[in-house]
2 protein chains.
Amino acid sequence: MTAALTPSTNTAVDLGPAVELVSKEEGHRQPLAPEFVSAEDFSPLEVGYDFGRVRREDIESGPRNIWRYKKLLPVPSNVEEIPNTEPGYTRLVRADNLAKALGVKRLWVKDDTGNPTHSFKDRVVAVALAAAREFGFDTLACPSTGNLANAVAAAAARAGWQSVVLVPSSLEQAKILTTAVYDGALLAVDGNYDDVNRLATELAAEHESWAFVNVNVRPYYSEGSKTLGFEVAEQLGWRLPEQIVVPIASGSQLTKVDKGFKELAQLGLVEDSPYTIFGAQASGCSPVSSAFRNGHDVVQPVKPDTIARSLAIGNPADGPYVLDTVNRTGGAIEDVTDDEVVEGIRLLARTEGIFTETAGGVTVATAKKLIEAGKIDPDAETVLLITGDGLKTLDAVEDKIGPKATVAPSAAAVNEILGG
Amino acid sequence: MTAALTPSTNTAVDLGPAVELVSKEEGHRQPLAPEFVSAEDFSPLEVGYDFGRVRREDIESGPRNIWRYKKLLPVPSNVEEIPNTEPGYTRLVRADNLAKALGVKRLWVKDDTGNPTHSFKDRVVAVALAAAREFGFDTLACPSTGNLANAVAAAAARAGWQSVVLVPSSLEQAKILTTAVYDGALLAVDGNYDDVNRLATELAAEHESWAFVNVNVRPYYSEGSKTLGFEVAEQLGWRLPEQIVVPIASGSQLTKVDKGFKELAQLGLVEDSPYTIFGAQASGCSPVSSAFRNGHDVVQPVKPDTIARSLAIGNPADGPYVLDTVNRTGGAIEDVTDDEVVEGIRLLARTEGIFTETAGGVTVATAKKLIEAGKIDPDAETVLLITGDGLKTLDAVEDKIGPKATVAPSAAAVNEILGG
């Protein structure tokens, strides 16, 4: 953030308050460009800003989507006027039933299933597309196995862009359909997800007009996750929560929620009150949780094996930064089994009427575990980030739930079952 | 409406501006109660109101969900304070890409996939539950084959109520799962949907504490659809649209959108400008469209056979009132084949990045047909009601769409396919 005080503006593009890229390790600065790794220290590049003055009123008078925070994002100042999927400003639900079930005092669920394609990926993709347009790209692309593919294909359709979405050819039929319907160039790649990812990097280097959201425009893309933090704070009445539980895939989301909170405090939009960030993983892909447990500051890659496929990144790029953030804020990271994930899905549905995908089950189940272990303070307020929709991972619950009973079509039969 | 000028208030319940029930045919009035058919003329009962003065500011300062219109609904004055799913205030999307594809000037999509369980049913169920609570019910119930089951089970879970959901035992696994996850009493009934419906009526008579949303509290339930009309008008900047296309199942939604528009005009919240309402059906279940085509004022029941199952009501209760409304406003009703429904789904996804269920495909395809026939004026503004989510009817598209190609994991292979 301090690097942004003397901006080295790239005048060719209008990305609002964004003025430069800064290397995450050593703070090397370079002009805004579609690049993602520092040539100086090989660390990830992050967006640097010159925010100027931002008031609550500027935000409150904006649209009911992520563009209300455009003065805090690397997007052009007229971003909301260009057709886009308008993600964000999803519900923050006071979850008293779940709080009671978990034995805590005050609990909130940030329900990101309400986004256009029903996951938080709509946020990051919308920011990536807006920045990519400024850089002159005309095709939105990604490697993906699910939520990201949906979000990219939908956002490109709405914007009138081409899309290129690469998925492993073994991907489940339902996930193929929910991307194919947008009619972009969906390609099934003969290979596993690692092969698909390598192919994306190769194609990004070859095709000047293709913006791979999570490769060459990743610094802009990942800033979109800050909006989860912004919204939680605004929806709490302009204050930071005391505790928040965030699922970990690449780890980017967790670090960006933290960045969002810090920016709000630095700009005086909220009081700079202490908060604690907790991380949630599935045991079948828990490299960051393992590192935390063992007190390591680097993350050992693993081979994922979990039903929480949207979190199944075995070598999370932001793992070390997640460890930093969680340790700095006094939090913890835990992981839960696939059975616990399903229980987490069912618990949230049963208590609050919110049906989340496996990633949300990870968050709920991890919160439960951290509460039982005394790591989450039951007397302090807690926010759970629910980042995707249960309709996308029906296979996770299909063998576990069903009708209470099959009955003859008579009131007597129903009364016998229900004891009525 | 005039009947409401001298209210016969039931003082036992607080249903806000609602003061009585009025029979639809002859205007017989009776106190508010959980009843749905007039004992005088055997026509459906509708809610009568004494609105008093309602200002735009009252609405605009309310929550971003249907409760902003609480002064126009049969719900208690503190309705938003009681835990509920908070449906509504979904996006009204300016659809320029689709407009271009259809050859019209100005087109809007009301995207109700953004509701908590991703269909407009969350609206009607929320109103039904709020009214049912006032009448002393403690169990929310319905017969259903899909969206309604999801909405009832979720709303009951969130409210801390019991739910009883009756579905035909032949229902697809996915639709069972998306209701079962909320952990109410989901019962698979050995019989077809007619059997399930009959059973619901039988149970409603037997169980004093069970509110069957679409049976004994139907007058309140159906008022929830007015909010679609309210929101379209408010989101257009407090004015009525010139043309609107509404899908027809029971026909209730179409008549209530009309009622909503009329109430806004009567209260001076919008200018009383003319509007035209069009109805959309699937050819495999098009009793109202057939009656319209043949100039009948009654509707001949049919046996449904269409992929648009959420619209597959063969004997639509509000059919005659739909005919009245469409004729009064100078509109038309059309129906489209299942192939056209799928094309409609794909067209909306491809142009606007919105993935709708089969009912939305019916609306889009019918709009296309009405435009081509010169019945929808291409120079006047049109709104399409998209009432449910494509994730719920994946089977409708599964044989029609897929990857563009399957490729080897090399840039050369991709470039060959995409001509890059």
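Residues numbered from 1 in each chain as written. Chains lettered and ligands numbered in written order. Predicted model: local features only at pLDDT ≥ 70, side-chain atom pairs only at ≥ 80, totals over all residues. Heavy atoms only, no water.

In the annotation of an unreviewed UniProt entry, chain A is listed under the name Threonine synthase and assigned to Prauserella isguenensis. Turning to chain A, the UniProt record has this under Sequence similarities (unreviewed entry): "Belongs to the threonine synthase family." (UniProt positions renumbered as here; feature names shortened; annotations may be inferred.)

(A) Just the relation of the copies chain A and chain B, in detail. For the pair chain A and chain B, the superposition axis carries a translation of 0.0 Å, the fit reaches an RMSD of 0.0 Å, and the rotation angle comes to 180°. The superposition of one copy onto the other is thereby described by a two-fold rotation axis. Every residue of chain A has its C-alpha some distance from the rotation axis, and the shortest such distance is that of Gly114 of chain A, at 2.7 Å. (Least-squares fit on C-alpha atoms with pLDDT ≥ 70 in both.)

(B) The interface of chain A and chain B, seen in detail. Between chain A and chain B, the contact holds 71 residues from the first and 71 residues from the second. At the boundary of chain A with chain B, total buried surface from both sides reaches about 5900 Å², with 64% on carbon and sulfur atoms. Considering only the surface of chain A that becomes buried against chain B, Arg158, Val181 and Leu391 of chain A emerge as the three largest contributors, covering 11% of it. Our enumeration of links across chain A and chain B arrives at four salt bridges. A salt bridge links Lys404 of chain A to Asp183 of chain B; the nearest nitrogen and oxygen atoms lie 3.1 Å apart. Counting the contacts that link chain A with chain B gives 26 residue pairs in polar contact (both at pLDDT 80 or more). When residues of the side of chain A that touches chain B are traced back to their parent elements, those giving at least two are β4 (91-94), α4 (147-159), α5 (173-180), β8 (185-189), α6 (193-206), α12 (338-352), β14 (405-407) and α14 (411-418) of chain A. Here the side of chain A that touches chain B is built from residues that sort into 37 nonpolar, 17 polar and 17 charged. Pairing of β14 of chain A with strand β8 (residues 185-189) of chain B, which is carried by three bridges, proceeds in the parallel orientation. Considered in β8 of chain B, the bridge of Val407 of chain A is made with Val189 of chain B. (Contact = heavy atoms within 4.5 Å. Buried area = accessible area lost by both parts, 1.4 Å probe. Salt bridge = Lys/Arg side-chain N within 4 Å of Asp/Glu carboxyl O. Polar contact = N/O pair within 3.5 Å; in protein donor to acceptor, adjacent residues only side chain to side chain. Helix = DSSP H or I, 4+ residues; strand = E, 2+ residues; numbered from the N terminus. Nonpolar A, V, L, I, M, F, W, Y, C, P; charged D, E, K, R; others polar. Pairing = 2+ DSSP bridges.)

(C) Representation of a negative patch on the surface. Residues and elements named next belong to chain A. A cluster of acidic side chains, namely Glu25, Glu26, Glu40, Asp297 and Asp324, defines a negative patch on the protein surface. Relative to the helices and strands, Glu26 resides in the loop between β1 (18-23) and β2 (29-30). Looking at Glu26, the relative accessible area reads 57%, which means it is exposed. (Patch = residues over 30% accessible without salt bridge, like charges linked within 9 Å, V, L, I, M, F, W, Y side chains within 5 Å. Areas by Shrake-Rupley, 256 points an atom, 1.4 Å probe, with all protein chains shown as cover. Lys, Arg positive; Asp, Glu negative; His and termini not counted. Charge placed at Lys NZ, Arg CZ, Asp CG, Glu CD. Buried < 20%, exposed > 50% of the residue type's maximum accessible area, 1.4 Å probe, protein only.)

(D) Summary view of the UniProt feature "modified residue: N6-(pyridoxal phosphate)lysine" (unreviewed entry) in chain A. Under the local residue numbering, the UniProt record ascribes the feature "modified residue: N6-(pyridoxal phosphate)lysine" (unreviewed entry) to Lys121 of chain A. Here Lys121 of chain A is in contact with Asn147, Leu148, Ala151 and Tyr221 of chain A, once residues within four sequence places are set aside.

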